[in-house]
Amino acid sequence: MEALNHLPLTIAAAIRGLFADPQSIWADLTMTIISVIAVIIVVVLAALILILLERKVAGWTSQRPGPNRLGPRGWFQTIADALKLIGKEDVTPAGADRFIFKVAPMIAFGLPIMTLAVIPYGYKMAPVDLDLGVIYFLAISAVSTLALLMAGWGSNSKYSLLGAMRAVAQMISYEIPLIFSLLGVVMITQSFNLSTIVESQSKIPFIVLQPIAFVIYVIASIAEVNRAPFDLVEADQEIVAGPMTEYTGLRWGLFFLGEYGNMTAVCAMAATMFLGGWQGPFFLPGWIWFWLKTGVLIFFMMWVRWTFPRMRIDHLMHFAWKVLLPLSLLNIVLTGMGIYIYQLVIGG
């Protein structure tokens, strides 16, 4: 089991061993490129698999069969959908800002790759182990607001622009309680390094010490990735498809991939910050424990999407500013008091 637990590290060491100096700049550059490619593969595969699983969960909750025609039990349906998107015509609206219109979906797809690059998938398995990993994750995640704003502004459509404005209002509002929910964990560990935070949970996961923060993070992250019941960014009956209204084919598909990539990223972050990351019982490797925890959170998000009705826009903003924000501030105060009392007891 120890060999299986360190299998990725063994493979990395074997690749470095191909160089005369395993610690040379060329070896480091090669490992960096391989890590980036691996993260891209994770994002693409996650999107392809999760789109199918989303349909299966939707069918399960609605008592319908879901995809069941193409391939065994419908497992090839996503591949067919991807081929269909690739074959569709790429249309740019008249009067659109062509540069902004075309760059926006690329940014939306690229951001999950950048955020997943700092997540520790196992012991010493973070592609990029940053000391400010938490800040980096939050900073890159916030840029997704800009991608939707660019899409709405560059489309030259009132529906797209209205959807983009909603995106800015919603995502900025929910970013604040999301950031505050992670602050309690940082206060306990005194570190922004994600690997350090995972190692600090060797005895007890932080969901036990920070249950309020975990609930706030999950709710705010659902709103951050624009999933029901917080998908006001693309409320069909009001603004067609929001910032993506004028997009077709592969460019629309990049937004779709970005949504599932972001969902994977926020769930991976929740598993890292609150559920112990790769820590788990000895009978499974750490990197498998990490993906199991992330998968459970992804399933929960899908379950929520197909269970609860969409919120009204004024209720959505009210919930962020008058419920989640005060709760997140209260959690910070309680965490500070708990740390102070703990230090008094230990010091005494």
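See the structure above.
Description of the structure in this document. (Residues numbered from 1 in each chain as written. Predicted model: local features only at pLDDT ≥ 70, side-chain atom pairs only at ≥ 80, totals over all residues. Heavy atoms only, no water.)

A word on the layout of surface pockets. Using a probe with the size of a water molecule, rolled over the atoms, empty space left in the structure can be pinpointed. As a volume, the largest pocket reaches approximately 690 Å³. In this structure, the largest pocket is lined by 23 residues; those nearest its centre are Pro8, Ser35, Ala38, Met125 and Pro127. Sorting the residues of the lining of the largest pocket by element identifies helix H2 (7-16), helix H3 (25-62) and helix H14 (286-305) as the ones contributing at least two each. Classifying every residue of the lining of the largest pocket gives 18 nonpolar, two polar and three charged. (1 Å grid on protein atoms, 1.4 Å probe; cavity = no way out; pocket = protein on both sides within 12 Å on 5 of 7 lines; lining within 4 Å. Points joined across faces, edges and corners; volume = space filled by probe spheres on them. Helix = DSSP H or I, 4+ residues; strand = E, 2+ residues; numbered from the N terminus. Nonpolar A, V, L, I, M, F, W, Y, C, P; charged D, E, K, R; others polar.)

To continue, consider the environment of isoleucine 79. Counting through the fold element by element, isoleucine 79 comes out in helix H4 (residues 77-87). By relative accessible area, which is 47% here, isoleucine 79 ends up partly exposed. With 81 residues separating them along the chain, isoleucine 79 and serine 160 place their C-alpha atoms 28 Å apart. (Buried < 20%, exposed > 50% of the residue type's maximum accessible area, 1.4 Å probe, protein only.)

We now examine the packing of aromatic side chains. Tallied over the full model, the rule gives 14 aromatic pairs. Consider the rings of tryptophan 60 and tryptophan 303, whose centres lie 5.9 Å apart with planes at 55°: the pair is tilted. Here tryptophan 303 lies in helix H14 and tryptophan 60 lies in helix H3, a separation of 243 residues in the sequence. Judged by centre distance (5.9 Å) and plane angle (50°), the ring pair of tyrosine 217 and phenylalanine 274 falls under tilted. Placement of the pair is tyrosine 217 in helix H11 (residues 211-224) and phenylalanine 274 in helix H13 (residues 249-274), with a sequence separation of 57 residues. Given a relative accessible area of 0%, phenylalanine 274 falls into the buried group. (Phe/Tyr/Trp six-rings, centres within 6.5 Å; stacked < 30°, edge-to-face > 60°.)

So, on to the environment of serine 221. With respect to the element layout, serine 221 can be found in helix H11. Judged by its relative accessible area of 1%, serine 221 falls in the buried class. Along the sequence, serine 221 and valine 266 sit 45 residues apart, while their C-alpha atoms lie 6.4 Å from each other. Other than its neighbours up to four places away in sequence, serine 221 contacts Leu178, Val266 and Met301. (Contact = heavy atoms within 4.5 Å.)

Excluding glycine, most residues fall at negative phi; most peptide bonds, likewise, are trans. Phi angles above zero are rare outside glycine, and glutamine 63 is one such case at about 60°. One can find glutamine 63 in the loop between H3 and H4. Notably, arginine 73 is not glycine yet its phi reads approximately 55°, a positive angle. With respect to the element layout, arginine 73 can be found in the loop between H3 and H4. Taking relative accessible area as the criterion, arginine 73 reaches 67% and is therefore assigned exposed.

In this section: the nonpolar core. Ranked by size, the top nonpolar core spans 60 residues in total, and within it Ile119, Val134, Tyr217, Met269 and Met273 carry the most contacts. Ignoring sequence-local partners within four residues, the contact set of valine 134 consists of Leu182, Val186, Phe192, Leu194, Ile197, Met269 and Met273. Residues Val103, Ala104, Ala108 and Met171 belong to the second largest nonpolar core, which totals 14 residues. (Core = buried A, V, L, I, M, F, W, Y, C linked by side-chain atoms within 4.5 Å.)

Helix H8 (residues 158-189) packs onto helix H6 (residues 133-142) with a crossing angle of 170° between their chain directions and a minimal axis gap of 11 Å. The pairing of H6 with H8 is recorded here as roughly antiparallel in orientation. Along its contact with H6, which presents Val134, Leu138, Ser141 and Ala142, the element H8 presents Glu175, Leu178, Ile179, Leu182 and Val186. Residue composition of the contact of H6 with H8, by class: seven nonpolar, one polar and one charged. (Axes fitted to C-alpha atoms, helices over the stretch in contact; angles between N-to-C directions. Parallel < 35°, antiparallel > 145°, perpendicular 65-115°, else oblique.)

The topology assignment puts threonine 115 in helix H5 (residues 98-116). For threonine 115, a relative accessible area of 2% translates into the label buried. Only 2.9 Å separates the side chain of threonine 115 from the backbone oxygen of proline 112, close enough to count as a polar contact. When sequence neighbours within four positions are dropped, the list of residues in contact with threonine 115 reads Tyr136, Phe137, Ile140, Ser141 and Ala265. (Polar contact = N/O pair within 3.5 Å; in protein donor to acceptor, adjacent residues only side chain to side chain.)

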